[in-house]
Each structure stands twice: as C-alpha cells, then as structure tokens.
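What follows is the residue order along each chain.
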Amino acid sequence: MTRVVVALGGNALGNNLSEQMIAVKTTAKSIVDLIEAGYEVILSHGNGPQAGMIQLAMDELTAKDPGKYPHVPLSVCVAMSQTYIGYDLQNALREELLSRGIEKPIATVATQVIVDQDDPAFQKPTKPIGRFMSQAEAEALAKEKNIQVIEDAGRGYRQVVASPKPQEIVEVATIKTLVDAGQTVIACGGGGIPVIKEAGNHLKGAAAVIDKDYCSALLADIVDADLLVILTAVEKVAIHFGTPDQKELSDVTVAEMRQYVKEGHFAPGSMLPKVEAGIQFAASKPGRRTLITLLEKAKDGLAGNTGTVVHH
Ligand SMILES: Nc1ncnc2c1ncn2[C@@H]1O[C@H](COP(=O)(O)OP(=O)(O)O)[C@@H](O)[C@H]1O
Ligand SMILES: NC(=O)OP(=O)(O)O
C-alpha cells in the first residue's frame, strides 16, 4: 500500500469558523477519494488564520481583566488550534467515509514538536498568522499590541511570529502505532506545538508557529511515507511566477529544484517552504517523491496526471 502524508494548506480550511465548517467538507471528499483509491493517508495541516484568531481573542480577554484572564501563551493557542481543526477534520472525514460505506477509525494526535531555543528564527519573525489587514490597520494594531506585522505575499498585511525549524516529533511512537494499526491519523497540525527541551524531561512551550510544510516533511520521514503531498491553492509550482514568462513545472529533479530556489523563483512566505520541504523529503531516500498540487486535484496528481512532482 502506498503511504502518503498529505499536508493541507489554507484553502482546505478557510479563514474563519464558518468558512472552515464548509471547507472541511470539500477537503474530506478529496481525502476520502485517496483512501478509497487504496492510499494509506496521514494528514497534517496549517493553522495560521486559526492560531492568530485564538491568540487575538485570548489577548482581548487578558486586556480586559488580567487578574481574571491571565495571558495565554502562543504555544497554548497553537495547541487549541490543533485540536479545533482536528475536531472539524475528524468529523468531516468520518461523515464522508460513512457515506461511502467505509468504516475507518480517525484520530487526531496532539503533537508536540521540539525546536532549538537558539534557532535564529526567534530573533527574526517570518510566519504570518491571523487575518489579513490593510497596511493602516496592521500598523495601528502593531503599535497597540506591540506585535510585528508584514506584507504577506501580495495578499495584505498580517501579524508575524517566529517560526523555528522542527527538530523532533515528540509523539512519534503514538503516531506510528496508530498508522500501523490502519487508522487515519491527523498529526503535526499547525506544524506541531512548539516546545523546547529543558532539564528534567520538561518540555516548555515556545512562542512560535512552526511551518507545517517543513514539519510535514519530517512527519513523512518518520512514518516512512512513499510520498509527501502538499495541497495548496495552485495546480503547479511555477518559475517566473506572476510574470509574462511564468512557466509551470511538472516533473522536476531535486537538483533542478535546488537551482530554481537559488534563482529566487519562490516567495518566502508562501511557495518557498513547500518547495524546500518537497526537496528535503525527495532527497532523503531513493524512491521518495513530493507532489505539490491543488486540493481538488490530489487524486489526479497521485495518478501522475497533474501537479508538480519533485524526485531524485
Ligand atoms: N513560484 C510560485 N509558483 C506557484 N505559486 C506561488 C509561487 N510563488 C508564490 N506562490 C503563491 O503561493 C501560494 C501558496 O502559498 P500559501 O497560500 O501560503 O500556502 P497554503 O496553501 O499552505 O496556505 C499560491 O496560491 C501562490 O499564490
Ligand atoms: N503552521 C502553518 O504553517 O500554518 P499555515 O500553513 O496556515 O501558514
């Protein structure tokens, strides 16, 4: 059986509560198509809009009455987003599976991911979270809440937080056991809950949001997946993106993709992490491949009919 780790992007979940409830239904159809076609699927997902929304809500409460509502750390907001998204995905998948007569247990694993406390990312926030704002609104919020904001890949302004690289998945044994038992597992949501190893086996939450594409590459490695599938809002990765010379890529070697990265074809806040994660996984063992495509094209892409495939 082909084992695939599927990383779900923003369009699989929407930007707010009501959008997510609708989006997960379409997402579940695409994922169950893969399960029905015989793939062994392990899911991961992003959480930028959700983690930002939860943090903002918590901060509003703290601002009202810090005695009654103490500050909620970002790591806890990530944990909340993981479970909230897992809950919606689990339900949508369950319903879609049952509607096709498939009985298959689904489990969301609250996943902690170890990061290095000396990761330079802590000094230079790069991960956009929360909702999109106008420049004026973002600058006012930055001043009011003492946060950093950036322009996010031509789509508006967002809060930006540290995004250290994932080093190790804490719940690896649990994930492997569930996967090997034939369960559909949702793990490493939002890149995982960032934690730092401290003395005495203590794991301390870190103020960060890990990139889900990098974490998905790590997850795909530890479960020994054959394929990493990154589902996003474009059917293919392109070079000269957004220019008259735009050229979509179908079949690319690791060496070719590394060269395109060097030439600066991929936007840092959006396509670059996907491409880098794709290279990392495809380069890690002979035979491993990464597919980057549209959520709706997942099955077509796996059949070799579309998407961008990175291979050795
Ligand atoms: N070279 C490129 N090729 C294709 N898409 C690109 C490229 N550079 C930037 N993008 C943008 O990246 C977006 C995907 O990133 P993003 O929306 O952040 O991911 P996610 O699906 O994980 O939420 C695409 O919708 C596209 O607009
Ligand atoms: N954690 C993460 O990478 O989230 P997004 O995909 O929503 O940016």
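Residues numbered from 1 in each chain as written. Chains lettered and ligands numbered in written order. Predicted model: local features only at pLDDT ≥ 70, side-chain atom pairs only at ≥ 80, totals over all residues. Heavy atoms only, no water.

Now for the overall build of the protein chain. Helix and strand counts for the protein chain stand at 9 helices and 17 strands. Computed over its C-alpha atoms, the radius of gyration of the protein chain comes to 19 Å, within 12% of the 20 Å expected for a compact globule of 312 residues. Here the C-alpha coordinates of the protein chain stretch approximately 55 × 50 × 40 Å along the principal axes. Burial analysis of the protein chain (312 residues in total) assigns 50% to the buried set. Sequence-distant contacts, at least 24 apart, represent 73% of the contacts inside the protein chain between residues at least 6 apart. (Helix = DSSP H or I, 4+ residues; strand = E, 2+ residues; numbered from the N terminus. Rg over C-alpha atoms; globule rule 2.2 N^0.38 Å. Buried < 20%, exposed > 50% of the residue type's maximum accessible area, 1.4 Å probe, protein only. Contact = heavy atoms within 4.5 Å.)

Turning next to unusual backbone geometry. Its identity as a non-glycine residue notwithstanding, Asn 146 has a phi of 55°, on the positive side. Within the secondary structure, Asn 146 sits in the loop between α4 (135-145) and β6 (148-151).

Let's shift gears to the environment of Asp 119. For Asp 119, the location among the structural elements is in the loop between β4 (112-114) and β5 (127-133). It is 5.9 Å that separates the C-alpha atoms of Asp 119 and Pro 164, two residues lying 45 residues apart in sequence. Setting aside residues up to four positions removed in sequence, Asp 119 forms contacts with Pro 164 and Lys 165. A distance of 2.9 Å separates a polar atom in the side chain of Asp 119 from the backbone nitrogen of Lys 165. (Polar contact = N/O pair within 3.5 Å; in protein donor to acceptor, adjacent residues only side chain to side chain.)

Attention shifts here to the site of ligand 2. All residues in the neighbourhood of ligand 2 are listed as Gly 46, Asn 47, Gly 48, Pro 49, Lys 127, Gly 190, Val 209, Ile 210, Asp 211 and Lys 212. Contacts to ligand 2 include Gly 190, whose backbone N or O atom sits 3.3 Å from a nitrogen atom. A distance of 2.9 Å is found between a nitrogen atom of ligand 2 and a backbone nitrogen or oxygen belonging to Ile 210. Here ligand 2 loses 88% of its free accessible area of 260 Å² to cover by the protein chains. Class assignment for the residues of the shell around ligand 2 results in 3 nonpolar, 4 polar and 3 charged. (Near = heavy atom within 4 Å. Areas by Shrake-Rupley, 256 points an atom, 1.4 Å probe, with all protein chains shown as cover. Nonpolar A, V, L, I, M, F, W, Y, C, P; charged D, E, K, R; others polar.)

Below, the discussion takes up the site of ligand 1. The immediate surroundings of ligand 1 are formed by 18 residues, with Arg 155, Lys 212, Thr 232, Ala 238 and Lys 274 found nearest. Between ligand 1 and Ala 238 there is a distance of 2.7 Å, counted from a nitrogen atom to a backbone nitrogen or oxygen. One of the backbone nitrogen or oxygen atoms of His 265 is found 3.2 Å away from a nitrogen atom of ligand 1. The protein chains hide 84% of the 580 Å² of surface that ligand 1 would expose on its own. Split into classes, the residues belonging to the shell around ligand 1 amount to 8 nonpolar, 6 polar and 4 charged.

Now for the environment of Gln 90. Relative to the helices and strands, Gln 90 is located in helix α3 (residues 74-99). Between the C-alpha atoms of Gln 90 and Ser 284, which are 194 residues apart in sequence, the distance is 30 Å.

In terms of nonpolar packing, the biggest core is built from 44 residues, with Val 5, Ile 175, Leu 219, Val 237, Leu 249, Met 257 and Phe 266 touching the most fellow members. Elements represented by at least two residues in this core include exactly β1 (3-8), α5 (172-180), α6 (212-222), β12 (227-232), α7 (254-262) and α8 (271-284). Top contributing element to this core by residue count: α8, with 7 residues. Not counting chain neighbours up to four residues away, the residues in contact with Val 5 comprise Ile 42, Ser 216, Leu 219, Ala 220, Val 223, Ala 225, Leu 227, Leu 228 and Val 229. Of all hydrophobic cores here, the second largest spans 31 residues; its members include Val 6, Leu 8, Val 32 and Val 309. (Core = buried A, V, L, I, M, F, W, Y, C linked by side-chain atoms within 4.5 Å.)

That's the geometry; what it means functionally is another story.
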